[in-house]
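Report on the structure
Here is how the chains run, residue by residue.
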Amino acid sequence: MADTPLLEGLHVVDLASFIAGPAAATMLGDFGADVVKVEPPHTGDAYRALSRIPPNPGVDELNYPWQLDNRNKRSIALNLKSPGARPVLERLVKWADVLVTNFPPHTRAKLGVDYDDLAPLNPRLIYADVTGFGEEGPDAHLPGFDVTAYWARSGLMDYTRQRGGPPAMPAFGSGDHPTAVTLYAGVMTALYRREKTGQGSRVSASLIAEGAWAASMWLQAALVGGKAPHPADRTDPPNALASAYRTADDRWLLLAFANEDKQVPLFLQAIGKPEAAQNPDYADTPSRRAHAAEIAAVLDKTFATRTLAEWRELLDAAGLTYGVVQTIDEFAQDPQLKANRIVIPIEDGSDEPHLTVDSPVRIDQERKVPPGPAPNLGEHTDAVLRDLGYDDAAIAELRGAEVVD
């Protein structure tokens, strides 16, 4: 394993707010990049306040979403709306290898931070841009969050509900974080291109494109004339062996049998109904599909007779594929998370450090930077300005003009 992180020496300017863009910058920082977070003075990135908005859990004295997506960054409080900020921004662009933004197109144009505005300042710059609905088309100007652009627009929110029931609100960030991985992949691809050509480039990702990719199997079917499935009715599912069932202690198990010819006899033996294998209604896949509602009713009654622990023992012994529908609180204690270093301690000097979620990309031969505390607003303003060549007098002048805080 290398002694120095892979991306040490790479300079990243994070102009983005909320989740997808900043999370991509965090992933670069996890591999050693120096990430400078640019925030508006006084208020900072609005993401700093997200943990106080329901239904997010409140945690006293710990801004957990901010820590998650802004660890190891340096914060500079810079008022991009001030004319005096332009020289600072231009120095940042010249210093940077990568710049990340998620400003809507009209805001980018107003602030002068479009790719065409900044690329001439640094021909090697990788300009990474996240939007809600893409750069073109009638809705390109609309603001987008993952719940609107990724979940609602893509059809995912419609399908992941019971037929006749209302759509459910997904976990916040669950579309943003996959989009961040896509943007990170684009940045790394562009850096590889720069190694080959010496030239920077523009990288783009969008929540709507990520939603399309997540829904791509059934979206592809729709594109070639297939009819996408309707929201499921678990009492009359298209496949009773790919459905959820409630146990005696009010828990849920999800069956997922991919090889039915092999797994169905084992399953029937495990649930104490081996004779059902001889029933012509259940004998093969077409018969099981035709009688899915009947099978679901039988399985509802069957699974209600034992607890989750009892069913796990029986299904594990049979080598069957299933999932336990865990709560987030249970998942936080899942032994697989620590065993695979999916959650890791924050190095903040405390006796019992809090855990945080590591970014999902790992290279066995490269070490990541241990997660340190996320920055306070403007915590590194002076240090960053000095890195850009400003002396104390110039910094004082910028602060007096309210360009920085």
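One numbering rule holds for all chains: residues counted from 1, following each sequence as written. Only residues with pLDDT of 70 or above have their local features reported here, since the model is predicted, and side-chain atom pairs are shown and tallied only from 80 upward, although totals for entire chains, interfaces and linings are computed over all residues. Working from all heavy atoms in the structure, the side-chain values ignore hydrogens and water.

Digging into the overall build of the protein chain
Note the threshold: In this text, helices come from DSSP runs of H or I with a minimum length of four residues, and strands from runs of E with a minimum of two, each type numbered from the N-terminal end. Throughout, a residue-residue contact means that at least one pair of heavy atoms, one from each residue, lies within 4.5 Å. For the accessible areas, the method is Shrake-Rupley and the probe is 1.4 Å, while residue cover comes only from the protein chains on display. By the counting scheme adopted, Arg and Lys are positive, Glu and Asp are negative, and His together with the chain ends is not counted. For the purpose of locating charges, the reference atoms are NZ of Lys, CZ of Arg, CG of Asp and CD of Glu.
When its secondary structure is counted, the protein chain shows 18 helices and eleven strands. Taking the principal axes of the C-alpha coordinates as reference, the protein chain spans close to 85 × 55 × 45 Å. Contacts spanning at least 24 positions in sequence make up 70% of the contacts within the protein chain whose residues lie at least 6 apart. Within the structure as shown, the protein chain displays about 21,200 Å² of accessible surface, and the carbon and sulfur contribution to it stands at 56%. Across the protein chain, 38 positive and 56 negative side-chain charges occur, with their mean positions spaced 3 Å apart.

Thoughts on the pattern of salt bridges
Just so we agree on the cut-off: When a carboxyl oxygen of Asp or Glu is within 4 Å of a side-chain nitrogen of Lys or Arg, the pair counts as a salt bridge. For every residue, the accessible area (1.4 Å probe, protein chains only) is compared with the maximum for its type, and the residue is labelled buried under 20%, exposed over 50%, or partly exposed between those bounds.
Counting across every chain of the model gives 26 salt bridges. The closest approach of N and O atoms between arginine 108 and aspartate 129, which form a salt bridge, is 3.2 Å. Of the two residues, arginine 108 is situated in helix α4 (residues 105-111) and aspartate 129 in strand β5 (residues 126-131); the sequence distance between them amounts to 21 residues. Aspartate 129 sits in the buried class, given a relative accessible area of 0%.

Things to note about unusual backbone geometry
Of the consecutive residues proline 54 and proline 55, the connecting peptide bond is found in the cis state with omega at 5°. Its place among the elements puts proline 55 in the loop between β2 (34-39) and α2 (64-70). Residues other than glycine seldom take positive phi values, yet histidine 42 does so here, at roughly 75°. Among the structural elements, histidine 42 can be located in the loop between β2 and α2. Its identity as a non-glycine residue notwithstanding, glutamate 402 has a phi of 60°, on the positive side. With respect to the helices and strands, glutamate 402 occurs in the segment after α18 (392-400).

Remarks on the side chain of arginine 288
Worth spelling out the cut-off: Two N or O atoms count as a polar contact when they lie within 3.5 Å, although within protein this holds only if one can serve as hydrogen donor and the other as acceptor, and sequence-adjacent residues are included solely when both atoms are side-chain atoms.
Position of arginine 288 relative to the elements: it lies in helix α12 (residues 285-290). You can call arginine 288 buried: its relative accessible area is 5%. A distance of 2.9 Å separates the side chain of arginine 288 from the backbone oxygen of tyrosine 282, its partner in a polar contact. Filtering out sequence-adjacent residues up to four positions away, arginine 288 remains in contact with Leu241, Glu260, Asp261, Val264, Asp281, Tyr282, Ala283 and Ile295.

Focus on the sheet that holds strand β6 (residues 201-206)
To keep it simple, the criterion reads: Paired strands, as defined in this entry, are two strands with at least two bridges between them according to DSSP. Every axis in this analysis is a line fitted to C-alpha atoms, fitted for helices over the stretch in contact. Angles between the N-to-C directions lie between 0 and 180 degrees.
Strand order in this open sheet of six strands is β3-β2-β1-β4-β5-β6, and the pairing throughout is parallel. Two strands lie at the open edges of the sheet, namely β3 (74-77) and β6, each paired on one side alone. Across the sheet, the mean angle from the axis of one strand to that of its neighbour is 20°, orientation sign disregarded. Pairing of β2 with β3 involves four bridges; the strand directions are parallel. Across the sheet, the residue bridging to lysine 37 is serine 75, located in β3. Set on the sheet, helix α1 (residues 20-30) makes contact with β1 (11-14), β2, β4 (98-101) and β5; between it and β1 the angle comes to about 160°.

So, the pairing of β4
Along β4, one buried face is formed by Val98 and Val100 and the opposite face, lined by Leu99 and Thr101, is buried too. Pairing of β1 with β4, which is carried by three bridges, proceeds in the parallel orientation. Residue pairing for β4: valine 13 is matched across the bridge by leucine 99. Relative to β5, β4 runs parallel, the two sharing four bridges.

What to know about α1
Across the eleven residues that make up α1, a large majority, eleven, are buried. Among the residues of α1, those classed as buried are Ala20, Gly21, Pro22, Ala23, Ala24, Ala25, Thr26, Met27, Leu28, Gly29 and Asp30. If you follow the buried residues of α1, they end up packed against β1, β2, α2, β4, β5 and α8 (176-197). Following α1 by one or two positions, glycine 32 has its phi on the positive side, about 110°.

Let's talk about the side chain of threonine 179
Secondary-structure assignment places threonine 179 in helix α8. Residue threonine 179 is classed as buried on the basis of its relative accessible area of 0%. With residues up to four places along the chain from it excluded, the contact list for threonine 179 reads Ala20, Val130, Ala205, Ser206, Leu207 and Glu210.

Focus: helix α11 (residues 260-270)
Rule in force here: Within this analysis, the arc is defined by the directions that extend from the helix axis to the C-beta atoms.
For α11, every residue scored as buried is listed here: Glu260, Gln263, Val264, Phe267, Leu268 and Ala270. In a view along the axis of α11, the buried residues occupy a sector of 155°, so they form one face of it. Turned more than 90 degrees away from the buried face of α11 sit Asp261, Lys262 and Gln269, all of them exposed. Where α11 is buried, its residues meet β8 (252-255), α12, α13 (292-303) and α14 (308-317). A positive backbone phi angle near 80° is found at glycine 272, which sits one or two residues after α11.

Thoughts on the sheet that holds strand β9 (residues 322-324)
One open sheet accounts for three strands, arranged β7-β8-β9; its pairing is antiparallel. Each edge of the open sheet is held by one strand with a lone partner, namely β7 (244-246) and β9. This sheet shows a mean twist of 25° between the axes of neighbouring strands, independent of strand direction. Inspection of the sheet shows β8 paired to β9 by three bridges, in the antiparallel sense. Bridge pairing in β9 links leucine 254 to glycine 323. Contacting β7 and β8, α13 runs over the sheet at an angle of about 40° to β7. Most of the contacts of α14 go to β9, to which it runs at about 155°, and overall it touches β8 and β9.

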